[in-house]
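Structural overview for review
The residues making up each chain are set out below.
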Amino acid sequence: MSAAARGWDAPLAAWFAARGWKPAPFQRETWRRYLDGDSGLLHTPTGSGKTLAAFGGPLLEALADDTSARPVTGEGPRVLWVTPLRALAADTARALGQTASDLELPWTVALRTGDASARDKRLARQGKAHVLVITPESLALLLSYADASLRFCALRCVVVDEWHELLGNKRGVLLQLCLARLRRLSPDARTWGLSATLGNLEEARAVLLPHAPGSPMVAGAKPRKIQISTLLPERSRSLPWAGHLGLSQLERVFKRLFDVRATLLFTNTRAQAELWHRALESIWPEDPGTLGLHHGSLDPRLRATVEQGLRDGTVRCVVATSSLDLGVDFPAVDQVLQIGSPKGVARLLQRAGRARHRPGESGNVICVPAQALELIEYAAARQAIARGEIESRQPPIGSLDVLAQHAVTLALGGGFDAGELFREVQGTHAYAALDAATWQAVLDFIVQGGRALAKYPDYHRVVRDDDGCYRVHDRRIAFRHRLSIGTITADGAVAVKYLRGGSLGSVEEGFLARLRRGDRFQFAGRTLELVRLEGMVAYVRRAKGGDGPVATWLGGRMPLSTQLASEVESLYAHPGAHPEMRAVEPLLRIQEQASALPDRGRLLAERIGTRRGMHLFLFPFAGRAVHEGIAAMVALRWGRLHANTFSFTVNDYGLMLTLAEPAALDEALLRQLLSPDNMAEDLRDGVNLGEMARRQFREIARVAGLLTPSLPGQAARSLRQVQASSGLLYDVLRRYDPDHLLLAQAEREVFELQLEAPRLMAALQDCQGRELALREPRALTPLSFPLWTESLRGQLSTETWQARVRRAAEQLEKRYARVA
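What you see is a predicted model, and the numbers here were worked out from it, not measured in a lab.

What to know about the overall build of the protein
Regarding its fold elements, the protein presents 33 helices and 26 strands. Sequence-distant contacts, at least 24 apart, represent 75% of the contacts inside the protein between residues at least 6 apart. Per element, the accessible surface of the protein, about 34100 Å² overall, is 49% carbon and sulfur.

Here's what the structure looks like:
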C-alpha cells in the first residue's frame, strides 16, 4: 500500500483543508523525508510555506506517538528551532504554537533569546518546553550548563531557519560547533536547514550536514514573481552624480506611500533610515503613530511596537534597514521601496519578497535612486534575477577564537575529554582540517592563556583534572563566560535613556563624544537633548523643537556584491532595453565621449590633473575592499620606481590614486603596477598591517574570552578602555609570544576578510587579461567624479561637503552640457 493510500499525512492534510489550503508538493516531500529519518536542506523563496514544511514532520511524528504529546518532565525539547533574529524568533514561536494548538497537540512553545520573557527562559532552562525557538548564542548558553546532556536527550529535530544568513559568518561557525555537540547528545535527531535561494546551495548543505553527505535537498515552490520598477527621474541629469541620500526624491516617494495601505521603505544604513524618517515626519499628514522606524540600534520594545503595527495594519509606512529583511511575515504590506542601491541581488530579492506576503501574490519593489549611476545598478539587479544568478556566501574556516569559546563552554557544561572533543570538532566543516598541534594550542590557551600570559591567574579559565577531563571550577569565570557567549561584537555602544525612565536604544560612543550638554540630536525618530553622559549611558529629554545632527554609526557602508558589480560593468557597454539604461543614456554618452566606457574585457584607466595634483582613476569593478588593497599596492610599487607622495580613495567601482608630483604613465608601466606577482609581500608592505591586525585582534580577543565583559551593576567600559586593554594584550603577545594562535588569526583575517586577498589576486589576474584603455580626459567624468567627491570628506573647509559637491557638479554639468 502506498504512503498516500495509508493516509500518513491525514491530520495535516485535514488541517490544511479546513483553511482552504492544499499542501504543496515540496511540503509533503519534506514531511515524508523527515519521517523516513532523513536530514536535509529545503531551499524555497520566502513566503512559500517553508515553516510548515519543516514543522509538519515533527507534528505528524508526535501525533502518531502518544509519548510525544505527554507533558514534558524536564528532559528537554522535542524540536529545537534555531533562528538568526530575535524578531523572527518571536514571530516563529507564535506560528508554531498556533499550529500545534489547532492540531490539539498539547505542546508548550517557548522562546530562548535575549528578548525572551522570564517564563520562557525558565521553561528553557528547566527543559519543560516541547518546542524551543532559539538563537545560536542562546543555544551555546544552554550547552554551558552541566545538565545539558539531560536537557537534550529527548531531542528529535533541529530546524535551522534562514541558514543562508548564518552560513557566511562566525555565528554560523558557532552553530556548527553546537550542532556537532547536539549530534553527540542525541544521535538520532534529524537536522533540517531552511534557506532562500543561494548561489552555493550544495556547499550550504555540506556545511550544515557534514555528518550526512548526500542528504536530500528539497526544492520548494517556484520563485515568486518579483516586479522591479524604478522611480525614474524626468531626465537623467536631474539626479546628482554623487554624494546624496535620495532626499531629493522625497516628494515623489511621499505620493507613492498613499497609493496603498502599507509600505516598507528600506534604506541601507541606520543613519539614512533616521534621516528619511525625520524628513517624512516633517510632512506627514496623518497620526504620527502610523509612521514607524525600525533598525537594529533601537530598543527591542520600540521595534516590537512597529512590528505589531505592521501585523494589525495600523502602521502605513515603516522606514527600516536590514533589521526587517528576514522572514517576518507582514501580509498587510502592499509595496516595498528601496532607497539607493540594494548593493546585492539576494538583498533586493529578499526585500521585494516582504511585499504582498500572501499566497498567490507577486512581490514588488520600487527602487528610488539617490544618484544617477544607481540606475545602472537597478537594471543590473533585474538582469541577474532574470537569469537566476544569486550571490554565494562563503563559510569561514578555522576560526580559533570561536573554537576556544566553545571549548570553555563545554568545560562549563560538565567537562570534556580532549581527544573526544577533537574528533567531534573535526566533524564540522569549519574545522575539518584542524590538526593536533593547533588543537593543543587551543587547549593551552584556555588553560593558561598561552605562554606569555601563563603567570596571570585571570587567564587560567579551564583546569585539566586528575581524570584528564577539562573543566571550569571558578564560579567567577563561569559567570563572565556566560555573559560573553556569542560572536557578535560592537564597539562603544552608549545606551540612550530618558531621564524619567525608558530606553530608546544605543548610539556609538564616538558620535556622542562630539556633543556637549544641552546639544540636540536626532535618534529613534525623535529630537533629543543631551542632559548628561554618565559612563556608557546618555540621559536625554525630548526636545520640543530645533535641529541637530542625526546619529551616525561606523561600519555602516554596505559593499557592492561581486555578482552585482560584474553585471553593472557589462551594462555600461551593453545597456540592453532596460528603462533605467535609457534614462541614464545621456550620462553614458558623456562618459564615452570624454573617456571610454568600461566593459568586462576592458580595464578603464583615467589620468586627470586638477589643482590638487595628478589623479589616476582605475575601474576594476571588484568591490571597495579589493580596491583598497590594489590602491595601497600600486602606490607602494610606483613609489619604489619614482619617489612621490600618494593618497587614495576607493568606492565599489574603482579607485583614485592622487600623486603630489605628476609622473609619467603608459600602458606598460600600468600593467607592471597591477601585476599579480609578489602580491602578498607587496600588500604587507603597502598597508599598515600591524595596525589593521591590532584592530582585528580586538574582536578576536573578545570572542576568545581574553577581554572579559563588564559585570552587571558595574559601569560599562568605554571604547577607549577596551582599545587600551586589547592594545596592551596585543603588544605583550607580539613581544613575548609572537607565535600565539590569536595573533596569527588576526593577521589571517586582515588578509582574507578586510583586504580580501583571494579576491584581490583574482582581480589582478583578471586585469592582466583585459584590454587596457588609458585615457586623459580634460575634466572629471561621470565615473571619476564620485571618487573625487569622496576624497573631499577629510579636508578642512568652512563649507559643508554637500555644498562643495553640489558646486563641483554644477560646473561639470555646464562643461558637458553640449555633449549630453
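Description of the sheet that holds strand β25 (residues 655-659)
Within the open sheet, the five strands sit side by side as β24-β25-β23-β22-β26. Their pairing is mixed. The open sheet terminates on both sides in strands that have one partner only, identified here as β24 (646-650) and β26 (771-775). Across the sheet, the axes of successive neighbouring strands diverge by a mean angle of 20°, strand direction being ignored. Bridge count for strand β23 (residues 613-619) against β25 is five bridges, and the pairing is antiparallel. Across the sheet, the residue bridging to L616 is L657, located in β25. Docked against the sheet, helix α25 (residues 624-641) engages β23, β24 and β25, running at close to 165° with respect to β24.

Some thoughts on the sheet that holds strand β13 (residues 363-368)
Spatially, the six strands line up as an open sheet ordered β8-β13-β12-β9-β11-β10, and their pairing is parallel. Only two strands of the sheet have a single partner each, and these edge strands are β8 (226-230) and β10 (291-294). In this sheet, adjacent strand axes meet at a mean angle of 20° when their direction is disregarded. Pairing geometry for strand β12 (residues 335-339) and β13, over four bridges, is parallel. Within β13, the residue paired with V336 across the bridge is V365. Its contacts with the sheet place helix α13 (residues 270-282) against β9 (263-266), β10, β11 (317-320) and β12, and it is angled at close to 170° to β10. Against the sheet, helix α16 (residues 374-387) engages β8, β12 and β13, with an angle of about 165° to β8.

Here we look at the environment of L512
Within the secondary structure, L512 sits in helix α21 (residues 509-512). Residue classification places L512 among the buried positions, given a relative accessible area of 1%. Taking C-alpha positions, L512 is 10.0 Å from V496, a pair spaced 16 residues apart along the chain. Once residues lying within four places of it in the same chain are set aside, the contact partners of L512 are V494, V507, F521, L533 and A538.

Thoughts on α16
Helix length check: α16, at 14 residues, gives a terminal C-alpha distance of 20 Å against a target of 20 Å (1.5 Å per residue), a fit within 8%. For α16, a buried count of eleven out of 14 residues is recorded, marking the element as mostly surrounded by other parts of the structure. For α16, the set of buried residues is E374, L375, I376, E377, Y378, A379, A380, A381, R382, Q383 and A384. Taken from the residues just after α16, G388 is the one with a positive phi, measuring 75°.

With respect to helix α2 (residues 10-18)
When we look at burial in α2, the residues that qualify are L12, W15 and F16. For α2, the buried positions fall inside an angular range of 100° around the axis, keeping them on one side. For α2, the exposed residues set more than 90 degrees away from the buried face come down to A17 and A18. Residue G20 follows α2 closely and has a positive phi angle near 75°.

Description of the packing of α16 against helix α22 (residues 562-573)
At a minimum axis distance of 8 Å, the contact between α16 and α22 shows a crossing angle of 110°. Taken together, the axes of α16 and α22 are roughly perpendicular relative to one another. Relative to α22, the crossing made by α16 is right-handed. Along the contact surface, α16 presents I376, E377, A379, A380, A381, Q383, A384 and R387, while α22 presents L564, E567, V568, S570, L571 and Y572. Within the contact of α16 with α22, the residues separate by chemical class into nine nonpolar, two polar and three charged.

Description of the environment of P559
Mapping P559 onto the fold places it in the loop between β21 (537-542) and α22. The spatial distance from the C-alpha of P559 to the C-alpha of D652 is 6.7 Å, given a sequence separation of 93 residues. Beyond its immediate sequence surroundings of up to four residues, P559 is in contact with K343 and D652.

Examining unusual backbone geometry
At E104, a position not held by glycine, the phi torsion is positive, near 60°. Relative to the helices and strands, E104 resides in the loop between α5 (86-102) and β3 (109-112). By relative accessible area, which is 72% here, E104 ends up exposed. Look at A524: it is not a glycine, yet its phi comes out positive at around 60°. With respect to the helices and strands, the residue A524 is situated in the loop between β19 (520-523) and β20 (526-534).

Considerations on the pattern of salt bridges
Evaluation of the coordinates by the stated rule reveals 53 salt bridges. One network of salt bridges, with partners in common, ties together R181, R184, E420 and E424.

Here's the deal with the nonpolar core
Ranked by size, the top nonpolar core spans 121 residues in total, and within it W163, F416, W439, W638 and F697 carry the most contacts. By residue number, the principal contributor to this core is helix α17 (residues 400-412), which donates nine residues. If we skip the residues at most four places from it in the chain, W163 touches L41, G172, L175, L194, A204, V207 and L208.

Some words on the pairing of β9
Residue alternation in β9 divides its side chains into two sets, T263 and L265 and L264 and F266, and both sets are buried. Pairing of β9 with β11, which is carried by four bridges, proceeds in the parallel orientation. Counted as the bridge partner of T263 is C317 from β11. Of the strand pairs in this sheet, β9 and β12 are connected by four bridges, and their pairing is parallel. Looking at the pairing, T263 lines up with Q335 of β12.

Digging into the packing of aromatic side chains
Enumeration according to the criterion identifies 19 aromatic pairs in this entry. Geometrically, the ring pair formed by F416 and W439 is tilted, given 6.5 Å between the ring centres and 45° between the ring planes. With F416 in strand β14 (residues 416-417) and W439 in helix α19 (residues 436-448), this pair connects stretches of sequence that are 23 residues apart. Since its relative accessible area comes to 3%, F416 is described here as buried. Centre to centre, the rings of W638 and F646 are 6.0 Å apart; their planes meet at 40°, and the pair counts as tilted. Using a relative accessible area of 1% as the deciding quantity, one classes W638 as buried. Given the relative accessible area of 21%, F646 is considered partly exposed. By way of ring pairs, the aromatic residues W15, F16, W21 and W31 are connected into one cluster.

Notes on the side chain of S144
Following the sequence through the fold, S144 ends up in the loop between α7 (136-143) and α8 (148-151). Only 2.6 Å separates the side chain of S144 from the backbone oxygen of L141, close enough to count as a polar contact. The residues touching S144, leaving out its near neighbours within four places in the chain, are T409, L412, G413, R482 and I485.

A look at the confidence of the model for the protein
Per-residue confidence for the protein gives a mean pLDDT of 87; residues scoring 70 or more make up 89%. Predicted confidence is poor over residues 1-5, with pLDDT under 50, and the contacts of this stretch with residues over four places away or in other chains come to two contacts.

Remarks on the environment of P77
In this structure, P77 sits in the loop between α4 (50-64) and β2 (79-82). Taking C-alpha positions, P77 is 9.9 Å from W107, a pair spaced 30 residues apart along the chain. Those residues in contact with P77 that sit more than four places away from it in its chain are A129, H130, L132, R151, F152, A154 and L155.

Cut-offs used in this document
Residues numbered from 1 in each chain as written. Predicted model: local features only at pLDDT ≥ 70, side-chain atom pairs only at ≥ 80, totals over all residues. Heavy atoms only, no water. Helix = DSSP H or I, 4+ residues; strand = E, 2+ residues; numbered from the N terminus. Contact = heavy atoms within 4.5 Å. Areas by Shrake-Rupley, 256 points an atom, 1.4 Å probe, with all protein chains shown as cover. Pairing = 2+ DSSP bridges. Axes fitted to C-alpha atoms, helices over the stretch in contact; angles between N-to-C directions. Buried < 20%, exposed > 50% of the residue type's maximum accessible area, 1.4 Å probe, protein only. Expected span 1.5 Å × (residues − 1). Arc of directions from axis to C-beta. Parallel < 35°, antiparallel > 145°, perpendicular 65-115°, else oblique. Left-handed = near helix turned anticlockwise from the far one by under 90°. Nonpolar A, V, L, I, M, F, W, Y, C, P; charged D, E, K, R; others polar. Salt bridge = Lys/Arg side-chain N within 4 Å of Asp/Glu carboxyl O. Core = buried A, V, L, I, M, F, W, Y, C linked by side-chain atoms within 4.5 Å. Phe/Tyr/Trp six-rings, centres within 6.5 Å; stacked < 30°, edge-to-face > 60°. Polar contact = N/O pair within 3.5 Å; in protein donor to acceptor, adjacent residues only side chain to side chain. pLDDT = per-residue confidence, 0-100.

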